[in-house]
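Okay, here's what each chain looks like letter by letter:
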Amino acid sequence: MLVDGKPYRTVWLKPDEPHIVQIIDQRKLPWKFEVVDLRTVDEVARAIKDMWVRGAGCIAATAAYGMWLASLEAMRDPDYKLATKLGARKLLQTRPTAVNLMWAIERQLAALSKARTDIQALEMTRETAESIADEDVSACRAIGEHGLTLIQSIYRGKKPGEPVNILTHCNAGWLAFVDIGSATAPIYAAKKAGIPIHVWVDETRPRNQGSRLTAWELSQEGIPHTIIPDNTGGHLMQHEKVDMVITGADRITRKGDVANKIGTYLKALAAKDNGVPFYVAAPGSTIDWEMNDGLLEVPIEQRGEEEVALIEGMTSAGKLETVRLFPQASPAANYGFDVTPARHITGIITERGVVRADEAALDRAFS
Ligand SMILES: CSC[C@H]1O[C@H](OP(=O)(O)O)[C@H](O)[C@@H]1O
């Protein structure tokens, strides 16, 4: 996507210095746009764990590039393959819910196992990382095209010029992938097709990925939007102000249950109760074919209570400050994700098309 007219991905190899992985530090957005250099697999692991980069697709690609750095470092180790595998373990220990991270590491380990020499292994980890990043972009572009057909059918039922109102939760946009994004891809495609769009942006406590990242992205793209507190969506749906909900996903089970940012499940319940179509946009790398029951099996990341207690903002003097929102003595719980059962999902927008959230349809679409 473009930032001040310049195209960016969320993660890439530094031009002319491919031993350096560059990322956009998402902790500073929307106030500061900063590119950070990562030189070791440890630095990549920390960037994922501490959410300098976040979002299923983005952390998968970043982990894939982290494996490239791990294989570079391993060249100095007498046991190259073991050293590289240790790098994989560091990356796998960062965040448990988004299956895309594990998918990317397994892809890299599979490439390594095929290499006949250490040099070939090195080349393969770089190629695999670049392929994963490129595939992410093309999958999100395809998700956009398939999602556009849904928006077009809703638009046909509206008065000419009346915008299609879409509610989204968290950030499953460009910043959550390598480029374009999943939930925002149909929105960008609709804008390109000249369909009037308005987006309700859930702020998404506690880290406010919606109000800080999705709102920033939509502003960059000139897409009308309104930031709302997380508890507003149900009221808007009751008053017919939402035509469809599109969220991302961090893990989809083979039966179509969806793990996504905490609060997604509540939006699905409100959508079901008000007859609002609820779509999940995600590439096939988000499907966990080994997992059936999302509620029982998806590992739900719990993060520190400081993310609930503290909030960062910009003062009127333009200074970034962090303040505490409630007394130190009050403990806080910080569940990062929840699971929406397949029965509440209208469809899953994938690069293979819009798929019913059930085992047979997912198997057919991806076999
Ligand atoms: C589908 S990728 C975007 C996805 O990732 C977010 O989680 P986090 O910001 O903690 O990485 C959230 O679940 C989004 O829907």
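Above this text is the structure in question.
Computed from a predicted structure; not experimentally measured.

Novice: In this structure, what is going on with the site of the ligand? I would like to understand it.
Specialist: Of all residues adjacent to the ligand, which total 16 residues, the nearest are Gly55, Arg95, Asp250, Asn260 and Lys261. Aspartate 250 has a polar side-chain atom sitting 2.5 Å from an oxygen atom of the ligand. In the environment of the ligand, an oxygen atom lies 2.5 Å from a nitrogen or oxygen atom belonging to the side chain of asparagine 260. Look at the ligand: alone it shows 400 Å² of surface, and the protein chains cover 100% of it. The site holding the ligand turns out to be the largest cavity. Residues belonging to the shell around the ligand are distributed by class as follows: eight nonpolar, four polar and four charged.

Novice: Help me out: how do you make sense of the side chain of arginine 54 in this one?
Specialist: Take arginine 54: it is sitting in the loop between α1 (41–49) and α2 (56–74). Glutamate 217 provides the closest opposite charge to the buried, unpaired arginine 54, separated from it by 5.9 Å. Within the local environment of arginine 54, its side chain forms a polar contact with the side chain of glutamine 26, the two groups lying 3.1 Å apart. Within the structure, arginine 54 has its side chain in polar contact with the backbone oxygen of leucine 175 (distance 3.5 Å). Apart from residues lying up to four places away in sequence, arginine 54 is in contact with Gln26, Ile59, Arg95, Cys170, Asn171, Leu175, Ala176, Gln209 and Leu213.

Novice: Honestly, the pattern of salt bridges in this entry has me stumped. Any pointers?
Specialist: Pairing between side chains of opposite charge can happen when the charged atoms of each approach one another. Inspection of the entire model under this criterion finds 24 salt bridges. Put simply, arginine 9 and aspartate 134 hold a salt bridge, and the shortest N to O gap is 2.9 Å. Taken together, the residues arginine 9 in the loop between β2 (6–7) and β3 (11–14) and aspartate 134 in helix α5 (residues 118–156) connect sequence positions 125 residues apart. Of the charged contacts in the structure, one is a salt bridge between aspartate 25 and lysine 28, with a shortest N-O distance of 3.7 Å. Judged by its relative accessible area of 1%, aspartate 25 falls in the buried class. The partly exposed category is assigned to lysine 28, whose relative accessible area is 23%. Linked through salt bridges whose partners overlap, the residues forming this network are Arg95, Arg207, Glu301, Arg303 and Glu307.

Conventions adopted
All residue numbers here refer to positions counted from 1 along the written sequence of the relevant chain. Restriction of local features to residues with pLDDT of at least 70 applies here, the model being predicted, together with a cutoff of 80 or more for giving and counting side-chain atom pairs; totals for whole chains, interfaces and linings are based on all residues. Where side-chain values are given, they derive from all heavy atoms of the structure, hydrogens and water being excluded. If a single non-hydrogen atom of a residue is within 4 Å of a molecule or strand, that residue counts as near it. Side-chain atoms alone can form a polar contact between residues adjacent in sequence; in general such a contact is a pair of N or O atoms within 3.5 Å, and within protein one must be able to donate a hydrogen while the other accepts it. Every accessible area reported is derived by Shrake-Rupley at a probe size of 1.4 Å, with residue values counting cover from the shown protein chains alone. The method works on a 1 Å grid over the protein atoms by themselves. A cavity is a set of points holding a 1.4 Å probe that cannot get out, a pocket is an open set with protein on both sides within 12 Å along at least five of seven lines, and residues with an atom within 4 Å of a point line them. Think of it this way: a molecule belongs to a cavity or pocket when more than half its atoms come within 2 Å of the grid points there. Lys, Arg, Asp and Glu make up the charged group, whereas Ala, Val, Leu, Ile, Met, Phe, Trp, Tyr, Cys and Pro make up the nonpolar group; the residues left over, Gly among them, are polar. Numbering of helices and strands runs from the N terminus, with a helix taken as a DSSP run of H or I at least four residues long and a strand as a DSSP run of E at least two residues long. Residue exposure (1.4 Å probe, protein chains only): buried if accessible area is under 20% of the type maximum, exposed if over 50%, otherwise partly exposed. As used throughout, the charge tally considers Lys and Arg to be positive and Asp and Glu to be negative, leaving His and the chain termini uncounted. Salt bridges are defined as contacts in which a side-chain nitrogen from Lys or Arg sits within 4 Å of a carboxyl oxygen from Asp or Glu. Residue contacts are counted whenever heavy atoms from the two residues lie within 4.5 Å of one another.

From the geometry alone we can't say anything about function, so treat these as descriptive.
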